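# An overview of the molecular structure
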Amino acid sequence: MSVRRHVMSVTVRDQPGVLVRIAALFARRGYNIESLSVAQTHEPGMSRTTFVVTGEDAHVEQMQKQLQKLIDVIKVIDHSEGPYVDRELMLIKVAVRNPDDRVEMRQIAQDFRARIIDVARNALVFEVTGDEAKTDAFIEQMRNFGVLDLIRTGRVALPRTASRNGTSGAAADDRTASRSRVA
Amino acid sequence: MNGAAAVLKALERQGVTTVFGYPGGAIMPIYDALYDSPIQHVLVRHEQAGAHAADAYYRASGRVGVCFATSGPGATNLVTGLATAYMDSSAVVAVTGNVPLSLIGTDAFQEADVTGVTLPVTKHNYLVKDVRDLPRVLAEAFHIARSGRPGPVLVDVPKDVQQAAFEGDFDVEIDLPGYRPTVVGNARQIRRAAEAIEAAERPVLMVGGGAQVAADEVEAFTRLTGIPVITTLMGIGAYPGGAAQSLGMPGMHGTVTANRAVSHCDLIVGAGLRFDDRVTGKLSRFAPNATIVHIDIDPAEISKLVKAHVPVVGDLRDVLPRLTELLGPLELGDWWKQLDAWKASYPERYKTDKPLVSQEVIALLAKETGGDCIVTTEVGQHQMFAARLFPTNRPRTWISSGGLGTMGFGLPAAIGAAFARPGETVVCVAGDGSIQMNIQELATVYKHQLPIVIAITNNGMLGMVRQWQEMFHAQRYSEVYLADSNPDFAKLAEAYGIDGYNVFDRETAARLVPEVLARKKPALINFVVYESEKVFPMVPAGAGVDEMIIGDQEADEAEGVSA
Ligand SMILES: Cc1ncc(C[n+]2csc(CCOP(=O)(O)OP(=O)(O)O)c2C)c(N)n1
Ligand SMILES: [Mg+2]
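Residues numbered from 1 in each chain as written. Chains lettered and ligands numbered in written order. Predicted model: local features only at pLDDT ≥ 70, side-chain atom pairs only at ≥ 80, totals over all residues. Heavy atoms only, no water.

## Some points on the overall build of chain A
Each helix and strand in chain A was counted, giving 5 helices and 9 strands. Seen in sequence order, chain A has helices and strands lined up from the N terminus as β-α-β-β-α-β-β-α-β-β-α-β-β-α. Taken over 183 residues, chain A has a buried fraction of 46%. Taking contacts inside chain A between residues at least 6 apart in sequence as the whole, the part at least 24 apart equals 73%. Carbon and sulfur atoms make up 50% of the accessible area of chain A, which totals about 9200 Å². (Helix = DSSP H or I, 4+ residues; strand = E, 2+ residues; numbered from the N terminus. Buried < 20%, exposed > 50% of the residue type's maximum accessible area, 1.4 Å probe, protein only. Contact = heavy atoms within 4.5 Å. Areas by Shrake-Rupley, 256 points an atom, 1.4 Å probe, with all protein chains shown as cover.)

Structure follows, in structure tokens:
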């Protein structure tokens, strides 16, 4: 059994309570979610939830099947099954204690391609996008100056190829069996 | 027409003829509309009983069971019933009233977050905010409840939505893009299943509650192949308990033969079941040598607990005939020799050298009905004895709370079954503890003169708990004694207008049972039985099925044993 990090996306209908259903499922079945983000998609009435979970493959597969059973869940993608791109967005407020700091911080921001989105007398707010390794590294760099506050969106992800649609179709083997629609 | 009338119209269009329910403030418009409706409403005496009756109505007939309750306490009283139906995959639609939309979220009088409370115990639920949505929501509710893996669906209708004017169309499109159950099994998987079955030397078929819809298909499969059949608690009746190929029930209180078969087989075809822990015992010791072919309509059940080597997702009515077509008679001579030897060594035994025991009462009921009746049970020792000694021979006739193990299920279930299948005798096998959990339903039985025989095996104990205390808690009998304060059950029945009997000896039992059954009217028989009987075999919780304690099922254990 391999324990891995899985980035999953769930496309849902915008129905009242759909997030509650997903959250309740995680809680009830004991799935530990590291991050979760939700927003609408380009299709009207559809939202996408992206979350990160670490667990045994079989455990995560069971979670995928349970999610698929929710009536308002349209499809579930485990991005870890193929190539995908993912990003997270972080806003981080860092203390500016003297003018030299300000220069040094700007330099670091440039290296990270982070943007300064707010400038105050004693603080700067940066916007950083990237994978978690990058945002983590940025936080490390800023620690010396004094991190006052930060917020991260959690990961969002998309499969890289056009064809991967997540769960659908009839059961052909164990993997795909899990993907057919539930009762 | 208002929303309330639209609810009833929508139910009618689903073919609903009978509803179990209980009124109250927030559902009064629906009860008002009921006054003019052809739908028969059965006034239960507790909403929990309404939900159980609706559940059993489905289990007995295959037609979706419907129950009504008012907001707040009425709706929360449904919860145990919904959870019971959810665990046993029973198609129920519950309609609840709620406070008017403008009051929702204000902690109004008799307001409860019913969709919130029932979310984890329903297949789906709805709060209807617009009267125009009623036909679609109800059509979806029935569709979801009865299709795929069946389950309960709750529709919560605020009072002002019930009162709002409705002028709409009932020919609605169901709009459920995320819900498409897989019915048709994958051909390659079915072929793989057939190959595995052909290669096996010691196969068994294990059928669960999902097989209740596919009894004919199970029969055809087993007749052709000659495969031995194990029926789980939920599968009883889907394959005749009396058939020569039947090995009985597996698991915690299964038969020696069924459990030995599980331990020794080299293949299990699991059909319409979910390998519940009461069936498997300790997973690592469950069927250690077996290839698992798992056929179920719910993909999430496959490899959830027991790894399936050959998974087949689909409806048994599709998969089994296609599988049967690929197979012929199997060569199982040696395997049957072994199984028959176990069967011969371990017939059902119980002692008759003591006062009356539960087992002989239940065996007597089985003998006098010939299994040709509907059996419902409460939960406890009597339930296990009934599973073993009173299995029925037709599908949808053995109705018991399996997954949730709900005491208080049996009597309302008998009511639901009696309405679902008029003309059939219903025997409710009950314990003295369980029966008191919904005893108020004697009124419903009386009112409709339902042909229900309630047989209480009264051991004066919460017998099953007592058994665990005796075996695993050093005989510390904590809070299981009922005898000092049980009611006089015969008098209690009489108080409700129902024939009641207290029976203390086997001669009276033998005389009375056929007499009462022949009358085809409500009756309660309270059999006062030996208090310390235990259900054997028993696989202790957490142990493997190969570690079962055979107990008094062991041959020549003592004299006075009757088979
Ligand atoms: C609602 C509910 N509460 C508690 C239990 C736990 N429980 C399981 S069996 C049992 C004893 C049942 O006693 P009785 O109905 O007299 O049956 P017996 O075992 O004596 O045949 C109890 C308390 C349960 N299953 N359901
Ligand atoms: Mg008892």
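## Digging into the side chain of S89(B)
Relative to the elements of secondary structure, S89(B) occurs in the loop between α5 (79–87) and β4 (92–98). Here the side chain of S89(B) touches R149(B) through a polar contact of 2.9 Å, side chain to side chain. (Polar contact = N/O pair within 3.5 Å; in protein donor to acceptor, adjacent residues only side chain to side chain.)

## Some words on the pattern of salt bridges
If you walk through the whole model with that rule in mind, you get 41 salt bridges over all chains. Linking D175(B) and R13(A) is a salt bridge whose minimum nitrogen-to-oxygen distance equals 3.2 Å. Placement of D175(B) in the loop between α8 (159–163) and α9 (187–199) and of R13(A) in strand β1 (residues 3–13) is noted, with the two residues assigned to different chains. Given a relative accessible area of 40%, D175(B) falls into the partly exposed group. Overall, R13(A) belongs to the buried group, its relative accessible area being 9%. Here D546(B) ties to R285(B) by a salt bridge, and the two come within 2.9 Å at their closest N and O atoms. Here D546(B) is found in the loop between β19 (523–528) and β20 (561–562), whereas its partner R285(B) is found in the loop between α12 (277–280) and β11 (291–296), with 261 residues between them in sequence. (Salt bridge = Lys/Arg side-chain N within 4 Å of Asp/Glu carboxyl O.)

## So, the domain arrangement of chain A
All names here are of chain A. Each domain of chain A was delimited in the assignment, giving domain 1 (3–81) and domain 2 (85–156). Placing a centre on the C-alpha atoms of domain 1 and another on those of domain 2 gives a separation of 29 Å. Facing the 7 residues of domain 1 at the interface are 6 residues of domain 2. Both sides of the domain 1 and domain 2 interface together cover about 480 Å² of buried area, and 48% of this is carbon and sulfur. For the pair domain 1 and domain 2, the number of links is 1 salt bridge. Remark: the boundary between domain 1 and domain 2 carries 2 residue pairs in polar contact (both at pLDDT 80 or more). When residues in the side of domain 1 that touches domain 2 are grouped by element, the largest group, 3 residues, is from strand β2 (residues 33–40). Tallied by class, residues from the side of domain 1 that touches domain 2 come to 3 nonpolar, 3 polar and 1 charged. (Domains from an automatic or database assignment. Buried area = accessible area lost by both parts, 1.4 Å probe. Nonpolar A, V, L, I, M, F, W, Y, C, P; charged D, E, K, R; others polar.)

## Thoughts on the confidence of the model for chain B
Residue and element names in this part refer to chain B. Per-residue pLDDT for chain B averages 96, and the proportion of residues at 70 or more is 99%. For the stretch residues 557–563, pLDDT sits under 50, and the model shows 17 contacts to residues farther than four places along the chain or on other chains. We note a pTM of 0.94 for the whole complex and an ipTM of 0.90 for its interfaces. (pLDDT = per-residue confidence, 0-100.)

## Regarding the layout of surface pockets
One number sums up the size of the second largest pocket: a volume of about 680 Å³. Along its surface, the second largest pocket is lined by 32 residues, and R28(A), R29(A), Q66(A), K69(A) and Y86(B) are the ones closest to its centre. Of all elements in the fold, only α1 (18–28) and α2 (57–69) of chain A together with α5 and α12 of chain B reach the threshold of two or more residues within the lining of the second largest pocket. The element contributing the most residues to the lining of the second largest pocket is α1(A), with 4 residues. (1 Å grid on protein atoms, 1.4 Å probe; cavity = no way out; pocket = protein on both sides within 12 Å on 5 of 7 lines; lining within 4 Å. Points joined across faces, edges and corners; volume = space filled by probe spheres on them.)

## Observations concerning the coordination of the magnesium ion (ligand 2)
When a metal holds four donors in a tetrahedron, each ideal angle between them is 109.5 degrees; when it holds six in an octahedron, the ideal angles are 90 or 180 degrees. All names here are of chain B. On the protein side, the magnesium ion (ligand 2) has D432 (OD), N459 (OD1) and M461 (O) as donor atoms, found 2.1 Å from it. All donors of the magnesium ion (ligand 2) belong to a single chain; written as a sequence motif, their spacing is D-x26-N-x1-M. Of this pair, D432 sits in the loop between β16 (426–431) and α18 (442–448) while N459 sits in the loop between β17 (452–458) and α19 (463–472), and the two are 27 residues apart along the sequence. Here D432 matches N459 in class, with each residue buried. (Donors = N, O, S within 2.8 Å, 3.2 Å for Na, K, Ca; no water.)

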